[in-house]
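# Remarks on the overall topology
Read off the chains here:
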Amino acid sequence: MSFHYQCCTQQDLAAWGFQEQVYNRTRIEPCPGGYVLHVNPPAPLKSPLGSFHLYTDFQRVLLFLPGGTQTAPTLPPSEETIPLTILRLLFQTISQDMNTLEHMESQLSTLEDSVFSNRENLNFSRRLIRIRRNIIHLRQYYEQMIEILAVMEESKLAHEGEELTWLHRLDRRCDRLFSLLTDLREYSLNVQDAYQSKNDYNLNNLMKTLTILTTMMLPLQLITGWFGMNLMMPEFQSPLAYPVVIVLCIVIIILCTLFFKKKKWL
């Protein structure tokens, strides 16, 4: 088996009859004389291979590197079978994905700590939405990888002993990564619920404070309304009327404060 390296162009894949929208999906599909494998890891992943397109007619393997990449990745030995080479390439593609998922888990943990601390949650929603969007993209990516392995097994592309060993090994790795993403999705929902609960708690405290202040002002409003009437009252003739009203207002505020503190509403 011989390997040929060249940069990927739209004309190269168009010559096989594939459209541009196909490039954004990770999939394997038959083409005249062989198979074409499209691998496009999502942005959060730091794959050692990056995106690539592979064509095989069971006599050779053509590896196309998009974006004008000139450096070819490290490929398995050429004496291996073509299915085994493809499987090892796929395994190399996801070999460092666990580090990315662990970093995402660390980001969620940091967001969770910020919820229960007194630190200001700057851009919390934006950061959480970005993580959840990455989780969705990664889940789709691993679903597509698992589908590739299923196609290879059903179409007998991998049918020998070592080929099946690598296929099952790769399938188990994808299942573990997909399972971890499911846990991360649940974790992100829990973080979002905790953040929403904290906001609701703060809002309830604010509404309680405003209600207490309103309640404390009601007696004062009654007094100001009473003495604000345009009537001649006997109290107006006394020089002590004004100081008495001031003291009465202060006493009402003190009594209300003591009452609310006793009820632990303040």
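These remarks concern the structure in this document. Please read all numbers here as calculations on a predicted model, not as lab measurements.

Calculation rules
- Residues numbered from 1 in each chain as written.
- Predicted model: local features only at pLDDT ≥ 70, side-chain atom pairs only at ≥ 80, totals over all residues.
- Heavy atoms only, no water.
- Phe/Tyr/Trp six-rings, centres within 6.5 Å; stacked < 30°, edge-to-face > 60°.
- Helix = DSSP H or I, 4+ residues; strand = E, 2+ residues; numbered from the N terminus.
- Buried < 20%, exposed > 50% of the residue type's maximum accessible area, 1.4 Å probe, protein only.
- Lys NZ or Arg CZ within 6 Å of the ring centre and 35° of its normal.
- Salt bridge = Lys/Arg side-chain N within 4 Å of Asp/Glu carboxyl O.

Applying the stated criterion across every chain, the model contains four aromatic pairs. Seen in terms of ring centroids, Phe91 and Trp166 are 5.5 Å apart; in terms of plane orientation they differ by 85 degrees. Their pairing is edge-to-face. Of this pair, Phe91 sits in helix H2 (residues 82–93) while Trp166 sits in helix H5 (residues 161–227), and the two are 75 residues apart along the sequence. Classification of Trp166 as buried rests on a relative accessible area of 15%. Both rings, one in Phe259 and one in Phe260, keep their centres 5.6 Å apart while their planes meet at 65 degrees; by these two values the pair is edge-to-face. Taking the ring centre of Phe91 as reference, the NZ or CZ of Arg169 above it sits at 4.4 Å. A cation over an aromatic ring shows up here: Arg169 above the ring of Trp166, its NZ or CZ 4.7 Å from the ring centre.

Another aspect to go through is the pattern of salt bridges. All chains considered together, the criterion is met by one salt bridge. For Arg27, the salt bridge is made with Glu29, and the minimal N-O distance between the two is 3.2 Å.

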